[in-house]
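Chain by chain, the residues run as shown.
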Amino acid sequence: MTDVMQPSVDAGPPALDVRLRLYQMMVEMRDFEKRAYDLFLQGLVKGTSHLGLGQEAVAAGFGAALAPSDYTFATYRGHNHTLARGVPMAPVMAELMARQLGLMAGKGGSMHLTSVAHRMMGSYAIVGAHLTIANGAAWSSKLRGAPEVTVCFFGDGTTNIGAFHEALNLAVVWNLPIVFVCENNRWMEYTPIGSVTAVPHPAADRAPAYGLPGIVVDGNDADATYAVAVAAFARARGGGGPSLVEAETYRHGGHSRADPGKYRPDEEVAAWLERDPLPLYRQRLLQAGVPEQALVSIEEASHRAIDEATELAKASPPPDLSLVEKDVYADGGAAWRR
Amino acid sequence: MAEMSYRDAVAHGIAQEMRRDPSVVFLGEDIGSAGGVFKATVGVLDTFGRTRVFDTPISEQAILGAAMGAAMTGMRPVAEIMFSDFFAVCWDIVANEIAKTRYMTNGQVTLPLVIRSGNGGGSRFGAQHSQSVENWAMAVPGLKVVAPSTPKDVVGLLAAAVRDTDPVLFFEQKSLYATKGEVPDGEIVDELGKASVLRQGPAATVVALAAMVPRALAAAERLAQEGIEVTVIDLRSLVPLDVTTVATSVARTGHLITVEENPRLCGWGAELSSIIAEENLFDLDGPIVRVTTPHVPLPAADALEDAALPNVDRIVDGVRRSVL
Ligand SMILES: Cc1ncc(C[n+]2csc(CCOP(=O)(O)OP(=O)(O)O)c2C)c(N)n1
């Protein structure tokens, strides 16, 4: 097994405004995902949804460290990453609810959240594929001489598919400005990653095979994820090439839909709930002298925002049926014959 | 006007577009230093250098993923998949990612990219390096599908594909690489979705694609000696599909024969036949006949491969079955 490099956070904690921003992002993600779950149970979110409850510190830490022109690629578990780019809650919730107001007018659904205007370049639902696509965006930045970096999020299960390995190798060979972030939540769908993987750290232990250091970070600690993100983005932007980061975290709920996640041992769930990134961070900010009122007003604003977003989404009609045959091709239509 | 091989026309077409548009980049396995395994891209690296021409690892998913990610962020990549059979190892990127993303994102993502590939049989390479897979591509909404039959069309359709705003799969028929034809001087830009009527005759409409086009023309020649004058249409592109040209011709001839290199089931001729049967039934004076490779993987032995692929005899026979 390779030595796993624990990133040092010697630089000290992030500045206070960053920390408040991290807290705000996490609170908003939490409120959003809890509401999405409720709406799913009410039958208002249809199809499927994969929540990032419990994994907020990864999305917030990396999201807060991005510059506006950087690119994000995520998976079907991508609500948090979409919000982290500043996409408003209402169109995201409306997309989950299959409404006209939706981010893609209901054509993509929960698993494909995309907002090119926010450089949220897509949420992809075929395990592993988007690592190769994210490479392309990073390659393009390099070709255009633009100082952009690309961040690509994926799960632990993704480390065992070929596209992961193809993408990492090419990213290193082409020295691309990209940061791959494995959110190791210990479970794929219903099977623990450890039971099907040759090494204990599914991402970090593979990194040396591509000439990269194995980086493991506490994915439930927003200060730590932020610090690792800042360092990895700086390396990428400075021409230092790609990084692969494994963020250890846990999903509080099941894999998708209404899955209660009962296949997981009670003690494991309880231990991770003890390490819930939100109360952990709240406590830390209080200890750092942040007045509680500042945190309460962040929380209240977020609660109001999710209520408003929900109402806006509910008030939106279903998508116009003309959309069925729109935008298959760049002429805006679906015509395949002449 | 210069005589050029189909193979050289590929490099010529790529160079024409790379010279014109600095956002065109070219990537694939062995395409640069080696000039391509079929020598179809010789000289492109020398002309444009390693900032625009990229030899890749043997990673078909990574190649097409890179092309897609670059296309969605301002570049116009041309990617090569060496043998079209290899689409099977990266079909996710083609069929789920490239083809669906514009639609899924409600038009937010535009993917101006071209994937070139050596397609089809006749090289005695055996089943895993010989299949004609244009019908796989045709079955996927969101892709455009092009397959030229002459050097001139290689240049013009490649230019049209590179300039198109949609993802285009560009099938180069391996058995045509050595063939030659006249290519006009200067810039050539053709149009996707326009079939060419190569020969006019009242007896029947024979529609062919890529390597089947010269065979259809040879069959027409033989039939003409018997006094049966047929029309031969080179479809050139499967998506967009030029139904109008075919239907107009069938309205005159009353007979449709398709000549397809792809294996029989769900070959492109099946779609074309169904359209004509549905929309032009009363123009038909005889059965629609499909001449295809049988529904088999292609064998390696020359005798067997030649027996499997549609040949002039089978095309002539197909026309007779329709008109008599
Ligand atoms: C290629 C492919 N195989 C299988 C699936 C079905 N599937 C969807 S999510 C998932 C688990 C993925 O686990 P992981 O990468 O750890 O991500 P997580 O869901 O934990 O975020 C599977 C098997 C898929 N979407 N794509």
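On a predicted model such as this, the values are computed, not experimentally measured, just so you know. (Residues numbered from 1 in each chain as written. Chains lettered and ligands numbered in written order. Predicted model: local features only at pLDDT ≥ 70, side-chain atom pairs only at ≥ 80, totals over all residues. Heavy atoms only, no water.)

### Some points on the overall build of chain B
The test is simple: Only DSSP runs of H or I with at least four residues qualify as helices, and only runs of E with at least two residues qualify as strands; both kinds are numbered from the N terminus onward. Here's how the labels work: a residue is buried when its accessible area is under 20% of the maximum for its type, exposed when over 50%, partly exposed in between, all with a 1.4 Å probe on protein chains only. Contact criterion: two residues are considered in contact whenever any of their non-hydrogen atoms come within 4.5 Å of each other. The accessible surface values rely on the Shrake-Rupley method and a 1.4 Å probe; as for residues, cover is taken only from the protein chains in view.
Looking only at helices and strands, one finds 12 helices and 14 strands in chain B. In chain B, buried positions account for 64% of the 324 residues. The contacts in chain B between residues at least 6 apart in sequence include a share of 80% that link residues at least 24 apart. Within the structure as shown, chain B displays about 11,000 Å² of accessible surface, and the carbon and sulfur contribution to it stands at 54%.

### Considering the side chain of His112(A)
As a reminder, the rule being used: Here a polar contact is recorded for every N or O atom pair within 3.5 Å, except that within protein the pair must consist of a potential hydrogen donor and a potential acceptor, and residues adjacent in sequence are included only if both atoms are side-chain atoms.
The topology assignment puts His112(A) in the loop between helix H4 (89-96) and strand E2 (120-124). Using a relative accessible area of 14% as the deciding quantity, one classes His112(A) as buried. Among the polar contacts made by the side chain of His112(A), one reaches the main-chain carbonyl oxygen of Ser123(A) at a distance of 3.1 Å. If near-sequence neighbours (up to four positions away) are discounted, His112(A) is found in contact with Met104(A), Ser123(A), Tyr124(A), Ala125(A) and Met104(B).

### Some details on the site of the ligand
Residue and element names in this part refer to chain A. Quick reminder of the rule: For this purpose, a residue is taken to be near a molecule or strand whenever a single non-hydrogen atom of the residue falls within 4 Å of it. The nonpolar class holds Ala, Val, Leu, Ile, Met, Phe, Trp, Tyr, Cys and Pro. Asp, Glu, Lys and Arg form the charged class, and all remaining residues, Gly among them, are polar.
Near the ligand there are 15 residues, and of these Tyr76, Arg77, Ala125, Gly157 and Thr158 occur at the shortest range. Side-chain polar atom of Tyr76 to an oxygen atom of the ligand: 2.8 Å apart, as the coordinates give it. Residue Val127 places a main-chain N or O atom 3.1 Å away from a nitrogen atom belonging to the ligand. Expressed as a share of its isolated accessible area of 570 Å², the protein-covered part of the ligand is 73%. Residue composition of the shell around the ligand, grouped by class: seven nonpolar, five polar and three charged.

### Remarks on the interface of chain A and chain B
The condition is simple: Should a side-chain nitrogen of Lys or Arg be within 4 Å of a carboxyl oxygen of Asp or Glu, the pair is scored as a salt bridge.
Contact residues are listed per partner, giving 39 residues for chain A and 51 residues for chain B. For the pair chain A and chain B, the number of links is three salt bridges. Residue Glu279(B) pairs with Arg337(A) through a salt bridge whose shortest N-O separation is 2.7 Å. Looking at the side of chain A that touches chain B, the elements that each hand over two or more residues are strand E1 (71-75), E2, helix H5 (129-144) and helix H6 (162-173) of chain A.

### A closer look at the packing of aromatic side chains
For the record, the criterion: Working definition: rings of Phe, Tyr and Trp (its six-membered ring) pair if their centres are within 6.5 Å, and the pair is stacked with planes under 30 degrees apart, edge-to-face with planes over 60 apart, and tilted otherwise. Working rule: Lys NZ or Arg CZ, within 6 Å of ring centre, within 35 degrees of ring normal, means a charge sits over the ring.
In total, this model carries 18 aromatic pairs over all chains according to the counting rule given. With a centroid separation of 6.0 Å and 85° between ring planes, the pair formed by Phe62(A) and Phe153(A) is classed as edge-to-face. Within this pair, whereas Phe62(A) is found in helix H2 (residues 56-65), its partner Phe153(A) is found in strand E3 (residues 150-155), the two being separated by 91 residues in sequence. The class of Phe153(A) is buried, set by a relative accessible area of 2%. By the ring-pair criterion, three or more aromatic residues cluster together here, those being Tyr6(B), Phe38(B), Phe83(B), Phe86(B), Phe125(B) and Tyr177(B). Taking NZ or CZ as reference, Lys107(A) lies 3.7 Å from the ring centre of Tyr103(B), over its face.

### Here's the deal with the pattern of salt bridges
Applying the stated criterion to the full structure yields 34 salt bridges over all chains. Residues Asp218(A) and Arg275(A) are paired through a salt bridge, measuring 2.6 Å at the closest nitrogen-oxygen approach. Linking Asp218(A) in strand E5 (residues 215-218) with Arg275(A) in the loop between helix H8 (266-274) and helix H9 (277-287), this pair joins segments that are 57 residues apart in sequence. Asp218(A) sits in the partly exposed class, given a relative accessible area of 26%. Residue Glu17(B) is joined to Arg163(B) by a salt bridge in which the shortest nitrogen-to-oxygen separation is 2.8 Å. A residue pair is termed long-range when its members are at least 10 positions apart, and Glu17(B) in helix H1 (residues 6-20) and Arg163(B) in helix H7 (residues 151-163) qualify at 146 residues.

### Some details on the pairing of strand E7 (residues 168-173) of chain B
Residues and elements named next belong to chain B. Applied cut-off: When DSSP locates at least two bridges between a pair of strands, those strands are taken to pair.
When you tally the buried positions in E7, you get six out of six residues, the bulk of the element. What you see with E7 is no split at all: Val168, Phe170 and Glu172 on one side and Leu169, Phe171 and Gln173 on the other are buried throughout. Taken together, the six bridges between strand E5 (residues 114-119) and E7 define a ladder with parallel strand orientation. For Ile115, the partnering residue across the bridge sits in E7 and is Leu169.

### Points about helix H10 (residues 292-315) of chain A
Filter applied, for reference: Multiplying one less than the number of residues by 1.5 Å gives the expected span of a helix.
Along its 24 residues, H10(A) runs 35 Å from first to last C-alpha, staying within 8% of the 34 Å computed at 1.5 Å per residue. Turning to H10(A), its buried residues are Leu295(A), Ile298(A), Glu299(A), Ser302(A), Ile306(A), Ala309(A), Thr310(A) and Ala313(A).

### Some points on the domain arrangement of chain B
Residue and element names in this part refer to chain B. To keep it simple, the criterion reads: In this document the domain limits rely on a domain assignment from an automatic tool or a database. Two parts placed together each lose some accessible area; with a 1.4 Å probe, that loss summed over both constitutes the buried area.
Domains assigned within chain B are domain 1 (2-183) and domain 2 (196-323). Inter-centroid distance (C-alpha atoms) of domain 1 to domain 2 is 26 Å. Across the boundary between the two partners, domain 1 contributes 25 residues, which contact 28 residues of domain 2. Roughly 2,100 Å² of surface becomes buried between domain 1 and domain 2 when both sides are summed, with 57% attributable to carbon and sulfur atoms. Taken as a group, Arg124, Asn135 and Met138 account for 30% of the area that domain 1 buries against domain 2, more than any other trio of residues on that side.

### Quick look at the sheet that holds strand E6 (residues 144-146) of chain B
Residue and element names in this part refer to chain B. As a reminder, the rule being used: Interaxial angle, 0 to 180 degrees, is taken between N-to-C directions of lines fitted to C-alpha atoms, where a helix line uses only the stretch in contact.
Ordered by their spatial adjacency, seven strands build an open sheet running E3-E2-E4-E5-E7-E6-E12, and the pairing between neighbours is mixed. Each edge of the open sheet carries a strand with a single partner, namely strand E3 (53-55) and strand E12 (237-239). Between one strand axis and the next, the sheet turns by 20° as a mean value, whatever way the strands run. In the packing of H7 onto the sheet, the strands contacted are strand E2 (24-28), strand E4 (76-83), E5, E6 and E7, and the crossing angle to E7 comes to about 160°.

### Some details on H4(A)
Residues and elements named next belong to chain A. Burial within H4 is extensive, with eight of its eight residues counted as buried. Residues of H4 that are buried include every one of Met89, Ala90, Pro91, Val92, Met93, Ala94, Glu95 and Leu96, and no others. The elements touched by buried residues of H4 are helix H1 (16-41), helix H3 (79-84) and H10. Two residues or fewer after H4 comes Ala98, characterised by a positive phi angle close to 60°.

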